[in-house]
Each structure stands twice: as structure tokens, then as C-alpha cells.
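Architecture and fold: a report
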Amino acid sequence: MLCGGCGHREGLNIMEFSELIKLLGIVIVIVGFILKLEPILIILLGLTVTAIVSLMDPITLLSAIGSSFVSNRNMAIFILILLVTGTMERNGLKESAAKLIGKVKGASPGKIIGAYGIMRGFFAMFNVSFGGVAGFVRPVIMPMAIGAIEAKGDVPNEEHVEKIKGMSSGMENTAWFFWQVLFITGSGNLLVQQTLAGLGFEVELFALVRQVIPVSIFAMVWAIIYYNLVDRAQRKKHYGSGADAPKN
Amino acid sequence: MRIFEGFINPVTFFSNPEIATSAKLLEIMFIIMGLVCIHSAIRNLTDKENKSPVGSCIFWGVLGIVLMFGRFLPSALSGVLIVIMTLPPIFKRVKAGRAEVPSEEYTKKKAEQIGLKIFIPAFSIGVSAIFFALVVPSLGALVGVGVGVVISAVTLIALNHDNKPKVFLGDSRRMLDVIGPLCMLPMLLASLGAVFTAAGVGDVIAELVAPLIPDGNMTIGIIVYALGMVLFTMIMGNAFAAITVMTVGIGYPFVLALGADPVVIGMLALTVGFCGTLMTPMAANFNIVPVAMLDIKDKYAVIKNQLAIAVPVMLFQIILMIIFS
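Fair warning: this is a prediction, and the values are worked out from it, not measured in the lab. (Residues numbered from 1 in each chain as written. Chains lettered and ligands numbered in written order. Predicted model: local features only at pLDDT ≥ 70, side-chain atom pairs only at ≥ 80, totals over all residues. Heavy atoms only, no water.)

Here we come to the overall build of chain B. Regarding its fold elements, chain B presents 16 helices and zero strands. If one aligns the C-alpha atoms of chain B with their principal axes, the spans along those axes are about 65 × 60 × 45 Å. By residue count, 57% of the 325 residues in chain B fall in the buried class. For chain B, restricting intrachain contacts to residue pairs at least 6 apart in sequence, the fraction spanning at least 24 positions comes to 69%. As displayed, chain B offers around 13,400 Å² of accessible surface, 70% of which is attributable to carbon and sulfur atoms. (Helix = DSSP H or I, 4+ residues; strand = E, 2+ residues; numbered from the N terminus. Buried < 20%, exposed > 50% of the residue type's maximum accessible area, 1.4 Å probe, protein only. Contact = heavy atoms within 4.5 Å. Areas by Shrake-Rupley, 256 points an atom, 1.4 Å probe, with all protein chains shown as cover.)

This is the structure:
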């Protein structure tokens, strides 16, 4: 809105109600998620309200929903992958993963959490999970970490155990978030690709993956270092200063 | 009715030499995915243990139809189908049926027999996807996933002859039931973003935020965009929802329109959003549910243990965005 010599910023003050009201859809989405309404309902409301306030006719809205959903069908690729995921579980995927991490012997809780992070991240790159906190951290990682304390002849301290629980969950999330994006057709990558396409930028999936590699490595390395520092401080605090020295 | 105008004949599509082979192969993959959903729909409808057989059947069935025939249907008709599909989850009428969970003895026995070889089918999909992306780019990563799934299934059959097609179908239905309708969230959010863009929502936000961002200063634009991603993700509890809104409103007008590399900006905006996910109780699945599962006393213990990770990783990414854009 350029008006003679007064510059385009002037547009802000005289921005019309019909323009501002277009934000109603966004407001609904934000408030809806804050209120923890059913996410699919929020999206449908956001779509409908945006269409109404921008005076779209119903057929145009339905066409927009239909054509964008159809062009986003790539993002449903996980359904094809599910065709084998369940059967892999049936054939002992989780048990084999537990056996694999069980090979980490004589390590401190911090190192066990680190090893889990590496394994979780590595498998996330291939879109493979084996149970998360409920299915793996609780039944496999926690007993290993507690066992590591007991193996040194110490009684696990409550504060330390609480820390280990928190850090294992933190490692679970960090590894999964920042390494699942290395799976080339992950839903995050596809969402970014589609969002950019909607704005007129065509990008390759592989280019997106390549861009995120330093972030994945930084997040993993930093999480391992940080959690090991915390674990070491905890062991020093609760089991005496010799906790980190090898017992041989 | 305009809704019923614009059908495309599948035969014309598949026999048109001008349409790329990859597009045709993808369409075949969508048909298979649709069949997987429709199988799930029928099984749930006839399942006496499913508390909402009709709702579950409508959701998975309509999804299957749109996946299979979306390319050939008029857009408005697909839109109507999508709206119908969203109704059962909105009224909480999509439920899991009888789960054919393999017994612990069975998985243990198989783990002993198959051992680490189970990782061959597990890795084959990712390897195949990357292989196609790099070596056969004309077909692309998605076709690579399709080929990988075939390799994976064949390997599973070779490793254990119990794995018959019926087992794969039963297991995929169990997995679909477990993840439920929320698996459609990223797709629906992408549609929402498209409608926001079409309605000009981004222009309005851009006009509002303009006074905060000096003209043409891409660095400040990147910082506002990245911090906005973190903040919105924390408020909404979902980085996927945040990126839809933020990219249209801030990322495009203040960063991308100034000529920044969309690959860097788009991708890192998502992962910077993940730092927000690490810091918010709104992302209950990741940060609050584990507290209960592990019997942790402090409700915010997971978040507290993630703060010192989220903040440095966030700063690292903002720096990367500024340097490489």
C-alpha cells in the first residue's frame, strides 16, 4: 500500500479489517493446540474459517483441500513401510536390538545412555524404532544402567537414578528427533519439501538431508558429552571420588 | 455438480508416454498403500472387538480410496472425501481392533533363530531409498522406498517361512491401529499451509511483522524466523504445525523472498523447531508421558534434562542458517 511519499509502512496503520481477519484461521490453530483439542478438528476448523474470512466459495475450498492432500500423498509413504515394520517386530527386532546393546559391558550409566543414543540415532536413519521409552528404555536401558552402578559395588542413589531416567528419555528424544530427519523420505523432510513447493521452491529430498547432517552430529555429540558430564558429577557426589577409576 | 467434473481416466494416465515412469511407479505404490488401508478398514468393520467398527472403517477406507484414486478424481470430490475422513477421528470414533500381537515366546524364539540378520530387512528400506536418490535420481527416493519394502519383505520371508502375505497384512493392520488417525497430521498440516498461502495469510503477517525487521536484513529475518519456530513449537507442542504457519508468515517474506537458500532455511527451520519440542510440556508424548512410564518424581524432569541440549543445538542451527543461507 504505497501512498505517495509516506512509504509502505503506512499500510500497517490503515490495514483493513478484511485483511486482519484472515489471521483468524492461524489464531484458531494456535489456540486449538494450546487447548489440546483434537488436532484433526483444529485443522478442519482452521481451513474452514480461513476460507470463510477470505471469501472462498465452498467448492474452491474443497478443491484446495483435495488437490493439496492428493499432491501430499508422498507423505503417506510410511503406510507402505508399515507393511514390513510389524512383521520385523514379530521376528524379534526388539530382542535383537536389546542383545546388541547388551554387548556394552562394564560401562558407566552415562556411557550406556550414550551408546543407546548412538544406536537409536543410527536406526532412526533407517526409520527403524524398537519401542521408545515404554518398549526399550524402561525394560532394557534402565536395568543396564542400574546394573552398572551395582556392578561397582555401590547402592544406586535415588537422585542419581532420577537423573538417569530423565537423561535416558532426553537421549531417546534427542536421538530420534535429530536423526529421523536423516531418513530421506521421513515425514518431516516431506513436509518441508511440500511447504516449500507451495511457496514456489522445488527442492530435492537428498539436498534437505545433506543440510541437516551437521545438526544431527552436533546434537548427538553434545548430548553424549553433556550426559556423561552430569553422570560423572553424580557418581562423584554419591559414591565417592574414585567412581570413575577403572577397578582393576 | 462441479464436484463431479474433471475425472481422469487411469488408462490414459498409465499409457501416456509423456508422464514420467517415476510418477507411474509412485501411482502404483499409492494403489498398494490404499489397498493396505482398505484391508484395515474391512478387518476393523468385521472385528467384534473393535468398539467403533463403522468409524474406523470409514476413516481407513476413505483414506484408502483417496490414496488409490486421488490422482484420477476431481479435486473437489477428493476434498469432500477428506472432510468425510476427518469426521470419525473428530468424534473419536476410530479405535483399534483385536491386536494380533505376537507372543513373547514367539518373538524370543525367532530372535534366537534369526539373530542380528533381522537388521537386513530393517536397513534395506533406508539403503534402497538413498541408493535411488543418488544413483537413479530419475526414479527418486520414494520409488526407492517401494523397492526397499519389497526387498525387506522378501528377506523376511526367506528368514522365516511363517511370514506369509497374510502375516504381513495382519501386522500392518495392527500397526495402523496403533498409530491411529494422528498419522494423518503432517499431511493435513501441509494442506492447511497450502490453504493459508492461497488465502494470503502470509501477506498479512508479513505486513504486521514488517516494522520489527529492518528492510532487507536477512540475518534479523532468520533470527526472528528461527526463534519464532522455537516459540510457536513450544506453544503448540508440535514443530510440524509451527513450520506450516511460520514459513508462510515469516520464513517466506523475510528470509526466502530475499533470496536465501530454501534448502538450508526450510530444513533447519524444522530441526530448530525440534529444539522447541525438547523444551515444552505441550509435547506431552515426548516429555510428560515418559515421566509416568519411568516413575520419575519430578513431572518436568525430562524437560529439565533436555534444556542444556536444546539451547546449544538451537544456537548452532541459527548460526548455520545465517552462514549458509
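So, on to the interface of chain B and chain A. On the chain A side, the residues contacting the 143 residues of chain B number 119 residues. Both faces combined, the contact of chain B with chain A buries some 11,800 Å², and carbon together with sulfur accounts for 79% of it. For chain B, the biggest contributors to the area lost against chain A are M267, L294 and N305 of chain B; these three give 6% of the whole. Applying the counting criterion to the chain B and chain A interface returns seven salt bridges. Remark: the boundary between chain B and chain A carries 25 residue pairs in polar contact (both at pLDDT 80 or more). (Buried area = accessible area lost by both parts, 1.4 Å probe. Salt bridge = Lys/Arg side-chain N within 4 Å of Asp/Glu carboxyl O. Polar contact = N/O pair within 3.5 Å; in protein donor to acceptor, adjacent residues only side chain to side chain.)

This part is about the nonpolar core. Of all hydrophobic cores here, the largest spans 188 residues; its most connected members are I79 and F178 of chain A together with M184 and Y225 of chain B. Here this core gets 13 residues from one element, more than from any other, and that element is helix 12 (residues 205-239) of chain A. Among the domains, domain 1 (2-71) and domain 2 (93-239) of chain A are the pair contributing at least three residues each to this core. (Core = buried A, V, L, I, M, F, W, Y, C linked by side-chain atoms within 4.5 Å. Domains from an automatic or database assignment.)

Domain annotation of chain A identifies domain 1 (2-71) and domain 2 (93-239). The straight-line distance from the C-alpha centre of domain 1 of chain A to that of domain 2 of chain A is 38 Å.

Take the confidence of the model for chain A next. When pLDDT is low, close inspection of the predicted coordinates is not appropriate. Mean pLDDT over chain A works out to 89, with 91% of the residues at or above the 70 mark. With pLDDT under 50 throughout, residues 1-12 of chain A is counted as low confidence; its partners more than four residues away or in other chains account for 16 contacts. (pLDDT = per-residue confidence, 0-100.)

Right, let's talk about the packing of aromatic side chains for a bit. If you walk through the whole model with that rule in mind, you get 22 aromatic pairs over all chains. Ring geometry for F123 of chain A against F130 of chain A: centres 5.1 Å apart, planes inclined by 75°, an arrangement best described as edge-to-face. With respect to class, F123 of chain A is no different from F130 of chain A; both count as buried. Between F177 of chain A and F286 of chain B, the ring centres sit 4.7 Å apart and the planes meet at 90°, which makes this aromatic pair edge-to-face. Linking F177 of chain A in helix 10 (residues 158-180) with F286 of chain B in helix 14 (residues 284-287), this pair reaches from one chain into another. By relative accessible area, F177 of chain A is classed as buried at 3%. Here F286 of chain B falls in the partly exposed class, since its relative accessible area comes to 31%. An aromatic cluster is built from Y116, F122, F123, F126, F130 and F136 of chain A together with F119 and F123 of chain B, whose rings are joined through pairwise contacts. (Phe/Tyr/Trp six-rings, centres within 6.5 Å; stacked < 30°, edge-to-face > 60°.)

All right, on to the pattern of salt bridges then. Under the criterion given, the structure shown has 20 salt bridges over all chains. The residue K22 of chain A makes a salt bridge to E19 of chain A at a minimum N-O spacing of 3.7 Å. Taking relative accessible area as the criterion, K22 of chain A reaches 15% and is therefore assigned buried. Residues D171 of chain B and R174 of chain B are paired through a salt bridge, measuring 3.0 Å at the closest nitrogen-oxygen approach. With D171 of chain B and R174 of chain B both in helix 8 (residues 165-179), this residue pair falls three residues apart, about one helical turn.

Bringing the environment of M88 of chain A into the picture now. Tracing the chain through its elements places M88 of chain A in helix 6 (residues 77-90). Excluding its chain neighbours within four sequence positions, the residues that come into contact with M88 of chain A are L93 of chain A together with I118, P121, A122, S152 and L156 of chain B.

Residue and element names in this part refer to chain B. A complete count under the given rule lists zero disulfides over all chains for this structure. C57 forms no disulfide, and the closest cysteine sulfur to it belongs to C37, at a distance of 12 Å. On the accessibility criterion, C57 (18% relative accessible area) is buried. Not part of a disulfide, C183 finds its nearest cysteine sulfur in C37, a span of 7.7 Å. (Disulfide = S-S within 2.5 Å.)

What follows covers the packing of helix 3 (residues 24-34) of chain A against helix 4 (residues 39-53) of chain A. Residue and element names in this part refer to chain A. It is the contact of helix 3 with helix 4, at a shortest axis distance of 8 Å, that shows an interaxial angle of 165°. Put simply, helix 3 runs roughly antiparallel to helix 4. Crossing handedness for the pair helix 3 and helix 4: right-handed. Together, L24, G25, I28, V29, G32 and F33 of helix 3 and P39, I42, L45, G46, V49, T50 and V53 of helix 4 make up the contact between the two elements. Residues that form the contact of helix 3 with helix 4 fall into these classes: nine nonpolar, four polar and no charged. (Axes fitted to C-alpha atoms, helices over the stretch in contact; angles between N-to-C directions. Parallel < 35°, antiparallel > 145°, perpendicular 65-115°, else oblique. Left-handed = near helix turned anticlockwise from the far one by under 90°. Nonpolar A, V, L, I, M, F, W, Y, C, P; charged D, E, K, R; others polar.)

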